Amino acid sequence: MLHRVTEGDDGVPSGLAADQLRSHLQYLTDRGYQALTMDELWSCLHEGQPIPSRSVMFTIDDGFYDHHDVAAKVFDEFGFPLNFFVITGLLDNQLWPWDDQVSYALNHSRIVNSDIRLPSGKVYSVNLEIKPAKTTVKEIREALKAGPQTEIYQWLREELFGKLDVDFPASAPPEYRPMSWSDARSLRERGHGVYPHTCSHRILSTLSPAEKRQEIRDSLKRVEEELGYSPQVFAYPTGRPSDYDGDDMKELEQAGFNMVFNTVPAYVRQGQDRYQLPRYSLPESTADFLQIVNRFEAFKEKLRG
Ligand SMILES: [Zn+2]
């Protein structure tokens, strides 16, 4: 699982350097690994065939411009497919993700001290003299993950941006701009996969049944309209097991999805719940990367067990 990928001075706030990604993919190429497409993984899981050894599959979440401009370019150099989970409201230029808005607000704050009333009703005291923006961002995001998210975009604009005296940008700031739907079409033509990742990136387990349904069905519909096919793969926003529930899985199944990814760091195994497929985050460090692709993590799990 990748997130942002950065090349040179391209304005990506933080991410994996394109050259580091190249070095990871070169390692796989040199040792004869194959990168599976989503269809290939589906055939293995569906038909009960073993997942080939020395195989990997790559996904990238959210749909920012660098995913098309940088990440896809690097994958094309190696002839590896990459699977994109896109927030359809981001590509539709309706919003940019709430967790990035928190970071933007704290990094542009004109206020040093402020008491923020969280959506849960609790008060969080910002004091940028004592606690740096980075730590504050982390703490506010964690608090928001646990609280109700129905009104989170309104809350960001009115409460967080308001209290910190930050002008709310009329559209996504350049560093958070999306790829376009035409980029997404070009990705599919080049053999990559594009799938929905909700409309707004709100955490499904915090939403009402009607909102869950709307996030799942409308993001599916947007991908169908723009890309002219019916995706059957989805990824949960934030993706910890507490971020989705049995109702979400049922809703996804009814909407026609047959593989859904979370963010639990583990290997995909035959016979696993197809509505909770795990993913390792692609690490920056070569040592960590080697441990994952050489299945050293499975060995460590066994030792711990
Ligand atoms: Zn995401």
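Everything discussed here concerns the structure shown above.
Below you will find a few notes about this structure. Just so we're clear, the structure is a prediction, and the values are computed from it rather than from any experiment. (Residues numbered from 1 in each chain as written. Predicted model: local features only at pLDDT ≥ 70, side-chain atom pairs only at ≥ 80, totals over all residues. Heavy atoms only, no water.)

For the zinc ion, the full set of protein donor atoms is Asp 62 (OD), His 197 (NE2) and His 201 (NE2), at a range of 2.1 to 2.2 Å. Each donor residue of the zinc ion belongs to the same chain, and together they define the spacing D-x134-H-x3-H. Of the two residues, Asp 62 sits in strand S5 (residues 59-62) while His 197 sits in the loop between strand S9 (193-196) and helix H9 (209-227), which places them 135 residues apart along the sequence. Using a relative accessible area of 8% as the deciding quantity, one classes Asp 62 as buried. Overall, the relative accessible area of 1% leaves His 197 in the buried class. (Donors = N, O, S within 2.8 Å, 3.2 Å for Na, K, Ca; no water. Helix = DSSP H or I, 4+ residues; strand = E, 2+ residues; numbered from the N terminus. Buried < 20%, exposed > 50% of the residue type's maximum accessible area, 1.4 Å probe, protein only.)

With 13 residues, helix H1 (residues 18-30) should reach 18 Å at 1.5 Å per residue; the first-to-last C-alpha distance of 18 Å fits that figure. Every buried residue of H1 is accounted for by Ala 18, Leu 21, Arg 22, His 24, Leu 25, Tyr 27 and Leu 28. Looking one or two residues beyond H1, the residue adopting positive phi is Gly 32, at roughly 75°. (Expected span 1.5 Å × (residues − 1).)

This next bit is on the side chain of Asp 100. Relative to the assigned elements, Asp 100 resides in helix H5 (residues 98-107). In this structure Asp 100 is buried but unpaired, with Arg 141 as the nearest side chain of opposite charge at 4.1 Å. The contact partners of Asp 100, leaving out residues within four places of it in the chain, are Phe 64, Arg 141 and Tyr 176. (Lys, Arg positive; Asp, Glu negative; His and termini not counted. Salt bridge = Lys/Arg side-chain N within 4 Å of Asp/Glu carboxyl O. Contact = heavy atoms within 4.5 Å.)

A few words on the nonpolar core. Within the largest apolar cluster, 45 residues are counted, with the highest numbers of intra-cluster contacts made by Leu 2, Leu 21, Leu 25, Leu 28, Phe 58 and Phe 84. For this core, the element with the highest residue contribution is helix H3 (residues 65-78), accounting for six residues. Core analysis: the second largest hydrophobic core is formed by 28 residues, Phe 64, Tyr 104, Ala 105 and Leu 106 among them. (Core = buried A, V, L, I, M, F, W, Y, C linked by side-chain atoms within 4.5 Å.)

Time to look at the packing of aromatic side chains. Considering all chains together, one arrives at 16 aromatic pairs under this definition. Measuring from ring centre to ring centre gives 6.5 Å for Tyr 27 and Tyr 33, while their planes differ by 45°; the resulting arrangement is tilted. Here Tyr 27 and Tyr 33 have matching classes, each one buried. Aromatic side chains Phe 234 and Tyr 236 sit 6.4 Å apart centroid to centroid with 75° between the ring planes, which places their arrangement in the edge-to-face category. Residue placement shows Arg 177 over the ring face of Tyr 65; its charged tip is 3.6 Å from the ring centre. Positioned over the ring face of Tyr 267 is Arg 295, at 4.2 Å from the centre of the ring. (Phe/Tyr/Trp six-rings, centres within 6.5 Å; stacked < 30°, edge-to-face > 60°. Lys NZ or Arg CZ within 6 Å of the ring centre and 35° of its normal.)

What the three strands build is an open sheet, ordered S5-S6-S9; its pairing is parallel. Two strands bound the open sheet, and with one partner strand each, they are S5 and S9. Along the sheet, successive strands turn relative to each other by an average axial angle of 20°, direction set aside. Examined bridge by bridge, S5 and strand S6 (residues 83-86) share four bridges and lie parallel to one another. Bridge pairing links Thr 59 to Asn 83 in S6. (Pairing = 2+ DSSP bridges. Axes fitted to C-alpha atoms, helices over the stretch in contact; angles between N-to-C directions.)

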